[in-house]
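Topology and contacts: notes
The chain contents come next:
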Amino acid sequence: MVQKYQSPVRVYKHPFELIMAAYERRFPTCPLIPMFVDSDTVNEFKSEDGAIHVIERRCKLDIDAPRLLKKIAGVDYVYFVQKNSLNSRERTLHIEAHNETFSNRVIINEHCCYTVHPENEDWTCFEQSASLDIKSFFGFESTVEKIAMKQYTSNIKKGKEIIEYYLRQLEEEGITFVPRWTPPSIAPSSETSSSCKKQAASLAVVVPDTAQAEGLASEALGTPTGPPEPVAGTPDDKLDADYIKRYLGDLTPLQESCLIRLRQWLQETHKGKIPKDEHILRFLRARDFNIDKAREIMCQSLTWRKQHQVDYILDTWSPPQVLQDYYAGGWHHHDKDGRPLYVLRLGQMDTKGLVRALGEEALLRYVLSINEEGLRRCEENTKVFGRPISSWTCLVDLEGLNMRHLWRPGVKALLRIIEVVEANYPETLGRLLILRAPRVFPVLWTLVSPFIDDNTRRKFLIYAGNDYQGPGGLLDYIDKEIIPDFLSGECMCEVPEGGLVPKSLYRTAEELENEDLRLWTETIYQSASVFKGAPHEILIQIVDASSVITWDFDVCKGDIVFNIYHSKRSPQPPKKDSLGAHSITSPGGNNVQLIDRVWQLGRDYSMVESPLICKEGESVQGSHVTRWPGFYILQWRFHSMPACAATNLPRVDDVLASLQVSSHKCKVMYYTEVIGSEDFRGSMTSLESSHSGFSQLSAATTSSSQSQASSMISRWRFC
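Given the structure is predicted, the values throughout are model-derived calculations rather than measurements.

**Topic: the overall build of the chain**
- Secondary structure assignment for the chain yields 18 helices and 25 strands.
- When the 719 residues of the chain are sorted by exposure, 50% land in the buried category.
- A sequence separation of at least 24 residues applies to 78% of the contacts in the chain between residues at least 6 apart.
- In the structure as shown, the chain presents an accessible area of about 34,700 Å², 52% of it carried by carbon and sulfur atoms.

Below, the structure is given as structure tokens:
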């Protein structure tokens, strides 16, 4: 497996030329990194005007590896080749490095780049990326990979120290400014030239390129002096190292790399709105920074959020009065770490009454609104306390808990809520303080604990009786001034006291079922299944030729081809039988086919946009300005991998890709709308450029009338 690394943008608050002067002092040897034995110049090129300087070096490294491994490999030193390309005109330095030793067994490539900050020409940006591919190494592949990654990360941290060391050295020599390159035709005066030459001579002390020369990049630059400050406007909306430390926390180089690579993947496949960095980081932490696993659960969660418009829940949904009166929970200041504090008096809450009066789905939606409010409060506290705060503390008071709380439907609702929260709000619970746990608590814990993630379970602190008042109790985590009054504290807590829900508010099972269905089908999105040989199609009738058809869909599973057709006559409605050729009902969505098999393309209907191939996980937005009235058909078709043009045999990649699509089934979640061109708020982008990301329709679009498409609504299931 290929190991990859991508650094954040590290901003150095010094001019490019001064950084280059410090960098050049690293050759041919660097005392700060003992593993670098020597380096020799292999090739060198300078342009006539002096703007371009390319130098290639061969670096000798003494890798810190077990003696037995070195003996088996038959080498004492490892050699790397490094090529530096300095463009003084553009003020850039590109560094490429690869291993020469064992190049047929191990492939190490690295690219580093120094550039001028896009918003401050007196600052310098640095980035690096690298890859490690161990094909074979005498049966020690895993050991070599661990050694390489360990030394790689340690040398990344040293890079900042090395540059700072040589910057201080320059300052001690009185060199705090290096003039920029100027073309020979407008060269400075002779007096200035001699001064520059004198400075250049003093800068010509050369020292070996450390980690970059060996493919063990060590150029992690940061702010040389003073506290880190977030820097806006890094190139191409890339992450800045100071921003990461200020708003996301102290991450290891490999953790930073995972965050940046997953973020880049989202930007490439979802080119509109992407999740916040804190949200991406939570999913990475939940999966121990395994990018593939984190990407999978995050995409499922984002699809779920989009389906149920969770991003708008705080603005568009108000909890029923029953919840406001009888749900004994609410936000209450913050703990000693600055985390928002949520207080839940579970023992005083009538869970049976709430479920009977509201239903499971209304309770779930209320819990989701609490979590959304928690995310908002974390952002606010991060700004207030000046340090990253990404989770909250929950204080649960169990006084009053009894067998009534173990009512089966109530426990079922609780387990459902835990399941949804665990899947969509990972790593948001910083600490859970359970106070005054009664004897019945172990029974509830036995039922609930299997559904709680191990990492989350380790954050639980359970106190029986009044133990929370002693050493290691509540005062260790919450300031005395904000301990709620019902826990013998001095702070008045505005959390509702709960109590029994009047039976007059209870609703029938039928009413609750209808209410639950309404809550979770209140969405502008619809879902459908696409099978091999059975595309999903929707019909849109256009009366005004100047209308605009807009669409927004996510490919939840498999790869599909999106087409738009026009016909002057309406296709026959789909057959009603679920086993017929025109209509398939599936658990994950509907499948409707409108184009009759006897229809011929070009005679009965025509294609109005080029086909668009959409990969699994992509989110697509687009629009089409209609030229003629009539009937437009939007089609999602199963994408079959094409065979190799030179032979009838499929390619290996095609076979592997086809195996990943189980049972030749795809899933899409879509929304369409027809509006007049004068009212269209989006851009008239063509279908080919319509890729977008986890798009959130504007409030106007959300509240507008539903699409004229005739398609069926089904309850969403996780993709």
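There's more to say after this.
**So, the packing of helix α6 (residues 253–269) against helix α7 (residues 277–286)**
- Packing of α6 against α7 brings their axes to within 10 Å, and their N-to-C directions diverge by 115°. The handedness of the crossing between α6 and α7 comes out as right-handed. For the pair formed by α6 and α7, the contact residues are C258, L259, L262, R263 and L266 on the first element and D277, I280, L281 and L284 on the second.
- Taken together, the residues of the contact of α6 with α7 sort by class into 7 nonpolar, no polar and 2 charged.

**Some words on the packing of aromatic side chains**
- Considering all chains together, one arrives at 18 aromatic pairs under this definition.
- Each ring, one from F553 and one from F562, has its centre 5.0 Å from the other, and the planes form 50°; the classification is tilted. Grouping residues by exposure puts F553 and F562 together as buried.
- Within the aromatic cluster, the residues linked to one another by ring pairs are W551, F553, F562, W636 and Y670.
- Of note, K60 hangs over the ring of Y77, and the distance from its end group to the ring centre comes to 4.3 Å.
- Note that R345 overlies the ring of F486, its terminal NZ or CZ placed 4.0 Å from the centroid.

Rules used throughout
Residues numbered from 1 in each chain as written. Predicted model: local features only at pLDDT ≥ 70, side-chain atom pairs only at ≥ 80, totals over all residues. Heavy atoms only, no water. Helix = DSSP H or I, 4+ residues; strand = E, 2+ residues; numbered from the N terminus. Buried < 20%, exposed > 50% of the residue type's maximum accessible area, 1.4 Å probe, protein only. Contact = heavy atoms within 4.5 Å. Areas by Shrake-Rupley, 256 points an atom, 1.4 Å probe, with all protein chains shown as cover. Axes fitted to C-alpha atoms, helices over the stretch in contact; angles between N-to-C directions. Left-handed = near helix turned anticlockwise from the far one by under 90°. Nonpolar A, V, L, I, M, F, W, Y, C, P; charged D, E, K, R; others polar. Phe/Tyr/Trp six-rings, centres within 6.5 Å; stacked < 30°, edge-to-face > 60°. Lys NZ or Arg CZ within 6 Å of the ring centre and 35° of its normal.

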